[in-house]
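# Summary of structural features
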Amino acid sequence: MLKETYLWAMGRSERLVARIATGRWWMARAVVLAILLSLFISFPRISFFLGNDPQIVSNWSIIRSQARDPLSMSADQLANQASHASKVAFRLTVPMIVRVLHIDWPGALALQFCVGVALLFLAGKIALDLFGDRIVAVATIFGVSAIYAGKAAFLQLGGFFDAFAYFFLTVAIAFRNPLLIAIAILAASFTDERAMVIAPLVLVYWAVRSQKAEGPNWFTAQSVAVVAALVAAVVIRLVLMLGYGLHIPVGAGKDAGFDVLLRTLPSFQYEFPHVLAGLWLWPLFACILLVRARWWMTLILMVGGTAALTAVSFLVLDVDRSLAYSLPVLFVAMAVAAVRHMALGDARSIAILGLIISLLFPVNNLLGSVHNRYSVGNLLPVEMVRFYHYATHR
């Protein structure tokens, strides 16, 4: 009976996904529906839209200061070394975009929304390129929209701009052009330094995609572009450190370093599985395929890259944001499945089952949260009630 129930549920789910995947504008339809579902499940604090949310008030002043003078640290950054402001000295991509486009915070958030839409399109493109199947692509779009990396552009509106880094990393995977890959890696590296930790997995992705008879091809134009971009990022950071005094405070009392482990490690059993939710099925099956193929280097790099990011994530307080940088792990795993000739039926099953698990294990507070944390969100009806209550009881 259990098997029959599973097959019935999977069959119904596949038919529903197939309906979305039909027609000329199927990918656009999938992205729009995925965003609407994502916002219903995880709606941000309404105060973000009003411009009076404490995060916007504090973070936007930092962005404007960096846009005016990106090569110096403001008094706010130096005053409290445990604050978010003190950690953004090298996060210059978004401030430079703000400077070039002459936009204020509504413009920056509108641009972030566009970035989020583009990320979901690219997730679908990557799946379609790998498997040539619309059903896998649509299930991937919905699956990515159900995790924080896919929600950040629509959920995190307080000025952290993680969505830009996730987008740039995805661009480096979605397109083969080496110059575009290098620019995307550089942009991600100066959006948030955590992107540099996971960026080597972009190299792994292109090595797998360019496989030879004996295994992954590690010497491709795309791989060289990734290495060159990371070397350039390190050199630029050193110049900014030694020439202009930019730095990030780390250590006791600075909310970054080994002293925060006792505060963050207890959340491991929740945060780690939550970051990719049901999409962890892809890395799980990829590891099995890599062991069977004896692609040990690929296995070590994929697992090692994930472990490195995980370790870094628990050295800071915003563990959930940090772990979400593991998004490239998903695409590497999908590439392994594709090049190892996983049956299309199996790929569809993994994509759809991963989506179902992610929806059953959502990035939100099911019954609502008083504070509606920026990386979680409330159900839309719950957030409406929460906002009305606090707006009328001031």
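In case you missed it, the structure is sitting above this.
Residues numbered from 1 in each chain as written. Predicted model: local features only at pLDDT ≥ 70, side-chain atom pairs only at ≥ 80, totals over all residues. Heavy atoms only, no water.

## Examining the overall build of the chain
Tallying secondary structure elements over the chain gives 22 helices and 0 strands in all. Residues counted as buried form 55% of the 394 residues belonging to the chain. Restricting the contact set of the chain to residue pairs at least 6 apart, pairs at least 24 apart contribute 77%. Surface exposure of the chain reaches about 17500 Å², of which carbon and sulfur atoms provide 70%. (Helix = DSSP H or I, 4+ residues; strand = E, 2+ residues; numbered from the N terminus. Buried < 20%, exposed > 50% of the residue type's maximum accessible area, 1.4 Å probe, protein only. Contact = heavy atoms within 4.5 Å. Areas by Shrake-Rupley, 256 points an atom, 1.4 Å probe, with all protein chains shown as cover.)

## Brief notes about the pattern of salt bridges
Oppositely charged side chains may form a pair once their charged atoms are brought near each other. Per the stated rule, a full pass over the model turns up 11 salt bridges. Residue Asp133 pairs with Arg348 through a salt bridge whose shortest N-O separation is 2.7 Å. Residue Asp133 is found in the loop between α7 (105–131) and α8 (134–145), and its partner Arg348 is found in helix α21 (residues 344–360); the two are separated by 215 residues along the sequence. Owing to a relative accessible area of 7%, Asp133 belongs among the buried residues under this scheme. With a shortest N-O distance of 2.3 Å, Asp318 and Arg321 are connected by a salt bridge. For the pair shown, Asp318 and Arg321 are each scored as buried. (Salt bridge = Lys/Arg side-chain N within 4 Å of Asp/Glu carboxyl O.)

## Remarks on the nonpolar core
Counting residues in each nonpolar core, the largest one holds 124 residues, and the members touching the most others are Phe131, Ile185, Tyr205, Trp282, Phe331 and Met334. With 12 residues, helix α20 (residues 327–339) is the largest single contributor of residues to this core. Excluding its chain neighbours within four sequence positions, the residues that come into contact with Tyr205 are Ile126, Leu130, Ile173, Phe331, Val332 and Ala335. (Core = buried A, V, L, I, M, F, W, Y, C linked by side-chain atoms within 4.5 Å.)

## Some details on the packing of α8 against α21
Across the interface, α8 lies against α21 with an axial gap of 9 Å and an inter-helix angle of 20°. Relative to α21, the element α8 is oriented roughly parallel. Between α8 and α21 lies a crossing whose hand is left-handed. Across the interface between the two elements, Ile135, Val136, Ala139, Phe142 and Gly143 from α8 touch Leu344, Ala347, Arg348, Ala351, Ile352 and Leu355 from α21. A per-class count over the contact of α8 with α21 returns 9 nonpolar, 1 polar and 1 charged. (Axes fitted to C-alpha atoms, helices over the stretch in contact; angles between N-to-C directions. Parallel < 35°, antiparallel > 145°, perpendicular 65-115°, else oblique. Left-handed = near helix turned anticlockwise from the far one by under 90°. Nonpolar A, V, L, I, M, F, W, Y, C, P; charged D, E, K, R; others polar.)

## Structural notes on helix α16 (residues 268–276)
Those residues of α16 lying buried are Glu271, His274, Val275 and Leu276. Those residues of α16 that are buried lie in contact with α19 (319–323) and α21.

## A short note on empty space enclosed by the protein
Scanning the model with the defined rule gives 5 cavities of 30 Å³ or more in all. Its volume calculated, the largest cavity comes out at about 120 Å³. If you trace the largest cavity, you find 16 residues lining it, with Ile63, Arg91, Gly159, Phe160 and Phe161 closest to the centre. Only α4 (54–68) and α6 (93–101) provide two or more residues apiece to the lining of the largest cavity. For the lining of the largest cavity, the residue count by class is 9 nonpolar, 6 polar and 1 charged. (1 Å grid on protein atoms, 1.4 Å probe; cavity = no way out; pocket = protein on both sides within 12 Å on 5 of 7 lines; lining within 4 Å. Points joined across faces, edges and corners; volume = space filled by probe spheres on them.)

## Observations regarding the side chain of Glu193
Its place among the elements puts Glu193 in the loop between α11 (178–189) and α12 (194–198). A polar contact of 2.6 Å, which involves the side chain of Glu193, links it to the side chain of Arg91. Setting aside chain neighbours within four positions, we find Glu193 in contact with Lys87, Arg91, Arg237 and Ile248. (Polar contact = N/O pair within 3.5 Å; in protein donor to acceptor, adjacent residues only side chain to side chain.)

## Here we look at the packing of aromatic side chains
The tally for this structure, following the rule as stated, stands at 10 aromatic pairs. With centroids separated by 5.0 Å and ring planes inclined at 70°, the aromatic side chains of Phe113 and Phe154 adopt a geometry described as edge-to-face. Of this pair, Phe113 sits in helix α7 while Phe154 sits in helix α9 (residues 148–155), and the two are 41 residues apart along the sequence. Assessed through its relative accessible area of 38%, Phe113 is described here as partly exposed. We classify Phe154 as buried; its relative accessible area is 4%. An aromatic cluster is built from Phe268, Phe272, Trp280 and Phe314, whose rings are joined through pairwise contacts. (Phe/Tyr/Trp six-rings, centres within 6.5 Å; stacked < 30°, edge-to-face > 60°.)

## With respect to unusual backbone geometry
Backbone geometry at Phe161 places phi at a positive 60°, although glycine is not the residue there. Among the secondary structure elements, Phe161 is positioned in the loop between α9 and α10 (162–174).

## What to know about α20
The end-to-end C-alpha distance of α20, which contains 13 residues, comes to 19 Å, matching closely the 18 Å that a straight helix rising 1.5 Å per residue would cover. Among the 13 residues that make up α20, 13 are buried, leaving the element largely enclosed by the rest of the structure. Where α20 terminates, the next one or two residues include His341, which has phi positive at roughly 60°. (Expected span 1.5 Å × (residues − 1).)

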